[in-house]
Amino acid sequence: MSTTFWIIIAGAIATYLTRIGGHLVISRFDTIHPRVEAGLNAVPAAVLTTLVAPELLNAGPAEWAALVVTAVVSLRGGLMAMFLAGAAALIVARQFAG
Amino acid sequence: MSAQAISESGDRSDFWQGVRLSMPVVVASAPFAVLFGALAVDNGFSVLEAFLMSALVYGGASQMVGIQLFGQHVAPWLIVLSIFAVNFRHVLYSAGIGRRIAHWPVIQQALGYFILTDPQFAVAEARAQSGQTVGFAWYLGLGLPVYLFWIVESALGALFGKLIPDTHALGIDFLLPIYFLGLVLGFRKRPLWLPVVIASAAASIIAYKTVGSPWHVSIGAIAGVLLAVILPPHHSGVKARP
């Protein structure tokens, strides 16, 4: 077996541990403290924000236009509408702004 | 119709409802799967190895970091550690989603955690928040198409990677931020949403500038979660127990 193969296997195991680990820890407690529950409820906004925020540092006019369109559409539309509108705005804006 | 037939047809429609919701994810992740395959071969992976990594690790950003380091001949243990670091945010997803799928049989739960990606968590969590049950059929409908497209497109990227046209003009490099922003905004009715977003955004940008990637994800996420933990429970909409 090649080194590459073992890197892939170990990487897969490490990844699965992160995906099941939080549950294994939390499920050891019979009751969840209200503050822990508040923390868990904050997880989606907290984690997903970190995947977007640093992108703003390198964003030019076209990227900002796409994000603004996405935000506006998200007030009314569903996920698909918002995604397509944002992507369309990005492609159009890049024709002009590069 | 017997009760069993009713529940089977309910499962089937739940499954297809999940499949419908998976479509934006399939579209947004396709370029990254192809790009991963192309980069993997470029960095010394075989087509089979690129396919295996997508099938077994199944985490886009961590796979990119993994092959990047592999191409730079970094020590194997450090590559695995980096994959672990990039994927560490899933610990939080896992703790959050466990509450929603605890009623599934253990085997189904084990499989459910295997496909627990960013969009999988966000869409499932949004469903739970709207008061609907997160069933296994629905969850699989949401996750399975993304997984299958991901591994097939990775292999295609590895085979034909050099043929990708101008990715910048097509906006491919910026599709995921757009998608993730949409997911963040989808949670805006949650208590403490704005403070959490501001705390996470500020912390992740500062960490990105100082500590560097991928640690900015975990640091930013922990900042937002800690804020929700520290603020008095009446702000967070969680009732204190007597």
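Up top you'll find the structure we're talking about.
First, a word on scope: everything that follows refers to the structure included in this document. (Residues numbered from 1 in each chain as written. Chains lettered and ligands numbered in written order. Predicted model: local features only at pLDDT ≥ 70, side-chain atom pairs only at ≥ 80, totals over all residues. Heavy atoms only, no water.)

For chain A, the helix and strand inventory stands at five helices and zero strands. Ordered by position from the N terminus, the helices and strands of chain A form the series α-α-α-α-α. In terms of overall size, chain A is more extended than a compact globule, its C-alpha atoms giving a radius of gyration of 20 Å where 98 residues would be expected to give roughly 13 Å. Dimensions of chain A, computed from C-alpha atoms along their principal axes, come out at roughly 55 × 50 × 25 Å. Surface accessibility of chain A: about 4,700 Å² in total, with carbon and sulfur atoms responsible for 68%. (Helix = DSSP H or I, 4+ residues; strand = E, 2+ residues; numbered from the N terminus. Rg over C-alpha atoms; globule rule 2.2 N^0.38 Å. Areas by Shrake-Rupley, 256 points an atom, 1.4 Å probe, with all protein chains shown as cover.)

A few words now on the interface of chain B and chain A. If you look at the interface, chain B gives 87 residues, while chain A gives 63 residues. A combined buried area of about 6,400 Å² lies between chain B and chain A, and 75% of that area is made up of carbon and sulfur atoms. The largest per-residue losses of area from chain B upon contact with chain A belong to Arg99, Phe174 and Ile178 of chain B, which jointly make up 10% of the total buried on that side. Linking chain B with chain A are zero salt bridges. Residue classes in the side of chain B that touches chain A are distributed as 58 nonpolar, 17 polar and 12 charged. (Contact = heavy atoms within 4.5 Å. Buried area = accessible area lost by both parts, 1.4 Å probe. Salt bridge = Lys/Arg side-chain N within 4 Å of Asp/Glu carboxyl O. Nonpolar A, V, L, I, M, F, W, Y, C, P; charged D, E, K, R; others polar.)

What follows covers the nonpolar core. In this structure, Leu48 of chain A together with Met53, Val134, Tyr139 and Tyr179 of chain B are the most contacted members of the largest nonpolar core, which totals 85 residues. Ranked by residue count, the leading element in this core is helix H8 (residues 136–160) of chain B, at 10 residues. Two domains each put at least three residues into this core: domain 1 (3–183) and domain 2 (190–242) of chain B. Excluding residues within four positions of it along the chain, Tyr179 of chain B makes contact with Leu79, Met82 and Phe83 of chain A together with Pro24, Val25, Ala28, Pro119 and Val123 of chain B. (Core = buried A, V, L, I, M, F, W, Y, C linked by side-chain atoms within 4.5 Å. Buried < 20%, exposed > 50% of the residue type's maximum accessible area, 1.4 Å probe, protein only. Domains from an automatic or database assignment.)

Take the environment of Val34 of chain B next. By the secondary structure assignment, Val34 of chain B is in helix H1 (residues 3–42). Along the sequence, Val34 of chain B and Ile151 of chain B sit 117 residues apart, while their C-alpha atoms lie 9.3 Å from each other.

All names here are of chain B. Counting across every chain of the model gives five salt bridges over all chains. As a salt-bridge pair, Glu125 and Arg100 come within 2.8 Å of each other at their nearest N and O atoms. Note that Glu125 is positioned in helix H7 (residues 118–129) and Arg100 in helix H5 (residues 90–101), a separation of 25 residues in sequence. Here Glu125 falls in the buried class, since its relative accessible area comes to 0%. A salt bridge links Arg190 to Glu125; the nearest nitrogen and oxygen atoms lie 3.1 Å apart. Here Arg190 is found in the loop between helix H9 (175–186) and helix H10 (193–210), whereas its partner Glu125 is found in helix H7, with 65 residues between them in sequence. The burial state of Arg190 is the same as that of Glu125; both residues are buried.

On to the side chain of Ser62 of chain B, then. Residue and element names in this part refer to chain B. Relative to the assigned elements, Ser62 resides in helix H3 (residues 60–71). Judged by its relative accessible area of 1%, Ser62 is buried. There is a polar contact of 3.0 Å between the side chain of Ser62 and the side chain of Asn87. In contact with Ser62, not counting residues within four places along its chain, are Val57, Ile83, Val86 and Asn87. (Polar contact = N/O pair within 3.5 Å; in protein donor to acceptor, adjacent residues only side chain to side chain.)

Although it is not a glycine, Tyr58 of chain B sits at a positive phi angle of roughly 50 degrees. Relative to the helices and strands, Tyr58 of chain B is located in the loop between helix H2 (47–56) and H3.

A few words on H10 of chain B. A rise of 1.5 Å per residue sets the reference length of H10 of chain B, with its 18 residues, at 26 Å; its end C-alpha atoms lie 26 Å apart and thus fit the reference within 8%. All of the buried residues along H10 of chain B are Trp193, Val196, Val197, Ser200, Ala201, Ala203, Ser204 and Ala207 of chain B. At its buried positions, H10 of chain B is contacted by helix H3 (43–58) of chain A together with H9 and helix H11 (215–230) of chain B. Gly212 of chain B sits one or two positions beyond H10 of chain B and adopts a positive phi of about 100 degrees. (Expected span 1.5 Å × (residues − 1).)

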